[in-house]
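# Observations on the model geometry
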Amino acid sequence: MRGRIFAFLAALFMLLPTPAFAWWEYGHETVASIAQANVSATTRREIAALLRHAPELATPTCPLKTIEQASVWPDCIKTLGDRFSYAYNWHYQNVGICKPFDVKSVCPDGNCVSAQIDRNARLLKDRSVPARERLMALAFLVHFVGDLHQPLHAGDDGDLGGNRAKADYGIVANPRLNLHSIWDGYLAERGISQPPPLVRAYNAEERAQMATGTTEDWSRESWQISRDVAYAAIRGADVCAPHGDVRGTMSEAQIEAQIPAVRLQIERGGLRLARLLDEALS
């Protein structure tokens, strides 16, 4: 089933002109699973209690019974049209990689991923908010933390976060393939699947190293990775030099060189999400 869903999302993504799915299904679920494995027992009980309110959201085609399903629910509801269209711009922030870092300039009225992480964390923590709304906040929070840690949802070069940066992935030369979709799917699949497994209980030292910081810190970090790792893989060291419409090529060596960054971003996303969930629910 996962393979069929992955293939469907891959095909759908390549037909879309603007950012839609970050990390596809596998990446988002892995971030959520890492968080679930590292939150407190109290937080796990609170998450389970909120998930029991899923029928109240009336989205039967977008199930919400587990934290892993919550991690992809905000992408699934895009298929429901106008009902949730207000949330479209919440999934990314196009901060120019060839300009000084400035997230506020691309986040009008809080309509960007980092601001929505903060907003939904506040909603989840507020016990005066109805359970139905807190469940939506939970799903958005789980998803958006994953989104922010996909570097092409944090950095941009006037190309919709790499969606217009055409590139080949090793021997895969699909004309619809681009830098964004490579990071969403191919690199994520390869990085997460490599041993050792990413989903585990992390020790206190690991959590202290990776789970600290604010959403602005995480934004800057992902933005820098988008420039120095993702764009550099298809453009070389001078990522801001004129490149025209030249199609990039990602060699096997360049693919392998990016895997550590992919794995680290997934780990950071999971442990930072665990911290936010504990702060809101414990």
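In case you missed it, the structure is sitting above this.
Given the structure is predicted, the values throughout are model-derived calculations rather than measurements.

### Looking at the overall build of the chain
Helix and strand counts for the chain come out as ten helices and four strands. Along the chain direction, N to C, the helices and strands of the chain fall in the order α-α-α-α-β-α-α-β-β-α-α-α-β-α. Its C-alpha radius of gyration of 18 Å places the chain within 12% of the 19 Å reference for a compact globule of 282 residues. The buried share among the 282 residues of the chain stands at 51%. Restricting to contacts in the chain with at least 6 residues of sequence separation, those with at least 24 account for 73%. In the structure as shown, the chain presents an accessible area of about 12,200 Å², 57% of it carried by carbon and sulfur atoms. When the 30 positive and 32 negative side-chain charges of the chain are each reduced to one mean point, those points stand 4 Å apart.

### Remarks on the packing of aromatic side chains
According to the stated counting rule, one finds ten aromatic pairs in the structure shown. Ring geometry for Tyr86 and Trp90: centres 5.5 Å apart, planes at 65°, overall edge-to-face. Taking the centre distance of 6.4 Å and the plane angle of 80° together, the rings of Trp90 and Phe144 count as edge-to-face. In this pair, Trp90 sits in the loop between helix H4 (67-76) and strand E1 (95-96) while Phe144 sits in helix H6 (residues 131-148), placing the two residues 54 residues apart along the sequence. As far as burial versus exposure is concerned, Trp90 and Phe144 are alike and both buried. A connected cluster of aromatic rings, assembled from ring pairs, spans Trp73, Phe84, Tyr86, Trp90, Phe140 and Phe144. The ring of Tyr202 carries the charged tip of Arg200 above its face, separated from the ring centre by 3.7 Å. Residue placement shows Arg227 over the ring face of Trp223; its charged tip is 4.9 Å from the ring centre.

### Thoughts on the packing of helix H9 (residues 215-235) against helix H10 (residues 252-281)
Where H9 contacts H10, the two axes come as close as 10 Å, and the packing angle between them is 165°. One element, H9, and the other, H10, form an angle in the roughly antiparallel class. With respect to the hand of their crossing, H9 and H10 are arranged in left-handed fashion. Residues Trp218, Glu221, Ser222, Ile225, Val229, Ala230 and Ala233 of H9 pack against Gln254, Gln258, Ala261, Gln265, Arg268, Arg272, Arg275 and Leu276 of H10.

### Considering the state of the cysteines
The final tally for this structure, using the stated rule, is three disulfides. Here Cys62 engages in a disulfide with Cys76; their sulfurs sit 2.1 Å apart. Across the disulfide from Cys62 to Cys76, rotation about the S-S bond amounts to roughly -85°, and the bridge is consequently left-handed. Here Cys76 lies in helix H4 and Cys62 lies in the loop between helix H3 (41-51) and H4, a separation of 14 residues in the sequence. We classify Cys62 as buried; its relative accessible area is 1%. With relative accessibility at 23%, the residue Cys76 sits in the partly exposed group. Disulfide connectivity for the chain, with bonded cysteines indexed by sequence position, reads 1-2, 3-6, 4-5.

The rules we used
Residues numbered from 1 in each chain as written. Predicted model: local features only at pLDDT ≥ 70, side-chain atom pairs only at ≥ 80, totals over all residues. Heavy atoms only, no water. Helix = DSSP H or I, 4+ residues; strand = E, 2+ residues; numbered from the N terminus. Rg over C-alpha atoms; globule rule 2.2 N^0.38 Å. Buried < 20%, exposed > 50% of the residue type's maximum accessible area, 1.4 Å probe, protein only. Contact = heavy atoms within 4.5 Å. Areas by Shrake-Rupley, 256 points an atom, 1.4 Å probe, with all protein chains shown as cover. Lys, Arg positive; Asp, Glu negative; His and termini not counted. Charge placed at Lys NZ, Arg CZ, Asp CG, Glu CD. Phe/Tyr/Trp six-rings, centres within 6.5 Å; stacked < 30°, edge-to-face > 60°. Lys NZ or Arg CZ within 6 Å of the ring centre and 35° of its normal. Axes fitted to C-alpha atoms, helices over the stretch in contact; angles between N-to-C directions. Parallel < 35°, antiparallel > 145°, perpendicular 65-115°, else oblique. Left-handed = near helix turned anticlockwise from the far one by under 90°. Disulfide = S-S within 2.5 Å.

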